[in-house]
Amino acid sequence: ADTVGHCGTSTAGQYLHTITLTDIDSTWTENRAIFSKKAHEVRRQFADFDQAIPFDMLAVNVDNGSEFLNNEMINFMRRGCGRPPITFTRSRAYKKNDNCYVEQKNFTHVRELFGYERMEDPRLVVQMNEIYKTCWNPLQNLFIPTFKLKEKIRIGARIVKKFDAPQTPYDRLMKSPHLTEEQKQELRTMKAKLNPFDLKQDLEAKLKTFFEELRKSKIREAS
């Protein structure tokens, strides 16, 4: 898991962030927008992740950001009420490659969608999350194939990468021995209700509305 700041060219002040959660094995990815990186808000979105992902959350690895390393998140990972705890680990300081899987998704699932503009209006959070939850994440997880690196081989000064055949995260989960048949049936039902062309059309309409609201918010801030 990681966060992406929608801060433009300055990290001063308050602005929107996106939390990205990705599964290494299947590449299934979920995103949620928040206004600030307060611990209780990050915990609330992780509770939403726990309900949204179609498999059990067993372990989470994060960087050393204070939005993750706090009592709120530690208590969430401990869970309780009969639910097993989630293994909670952090990357080594100043070693971004420790979280390379989610760093990649920060670009493909956040930056390619919303770009690098500064977003300061907290009212935009609702629209962003609607886009993530109803359009973007279902489209990416159920219908868009991804590559996975199988191995890297050094040949002299060159590094040759070999990838497996492209598959959607959905396809990888359906082949996984770690999901129960009930979980797989829920995935089939989820996919059967959706059409990629409708999702894309809905996504484009919602993005148009979102960026119109973003422009209006910038005009209000400037006036």
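Residues numbered from 1 in each chain as written. Predicted model: local features only at pLDDT ≥ 70, side-chain atom pairs only at ≥ 80, totals over all residues. Heavy atoms only, no water.

Draft legend 1. Summary view of the overall build of the protein. Looking only at helices and strands, one finds seven helices and seven strands in the protein. Along the protein, helices and strands appear, N-terminal first, in the series β-β-β-α-β-α-β-α-α-β-β-α-α-α. Against the compact-globule benchmark of 17 Å for 223 residues, the protein has a radius of gyration of 18 Å, which places it among compact chains. Considered along the principal axes of its C-alpha atoms, the protein spans approximately 55 × 55 × 40 Å. In the protein, buried positions account for 43% of the 223 residues. (Helix = DSSP H or I, 4+ residues; strand = E, 2+ residues; numbered from the N terminus. Rg over C-alpha atoms; globule rule 2.2 N^0.38 Å. Buried < 20%, exposed > 50% of the residue type's maximum accessible area, 1.4 Å probe, protein only.)

Draft legend 2. Representation of the environment of Lys-218. Note that Lys-218 resides in helix 7 (residues 196-222). On a C-alpha basis, the gap between Lys-218 and Ile-131 in space is 20 Å, while along the polypeptide they are 87 residues apart.

Draft legend 3. Layout of the packing of helix 4 (residues 124-143) against helix 7. For the pair helix 4 and helix 7, the least separation of the axes is 10 Å and the interaxial angle reads 155 degrees. On the basis of the axis angle, helix 4 is roughly antiparallel to helix 7. The handedness of the crossing between helix 4 and helix 7 comes out as left-handed. Contact residues: helix 4 offers Leu-124, Gln-127, Met-128, Glu-130, Ile-131, Thr-134, Cys-135, Trp-136, Pro-138, Leu-139 and Phe-143, while helix 7 offers Pro-196, Leu-199, Lys-200, Asp-202, Leu-203, Lys-206, Leu-207, Thr-209, Phe-210, Glu-213, Leu-214 and Ser-217. Tallied by class, the residues present in the contact of helix 4 with helix 7 amount to 14 nonpolar, four polar and five charged. (Axes fitted to C-alpha atoms, helices over the stretch in contact; angles between N-to-C directions. Parallel < 35°, antiparallel > 145°, perpendicular 65-115°, else oblique. Left-handed = near helix turned anticlockwise from the far one by under 90°. Contact = heavy atoms within 4.5 Å. Nonpolar A, V, L, I, M, F, W, Y, C, P; charged D, E, K, R; others polar.)

By themselves these figures say nothing about function.
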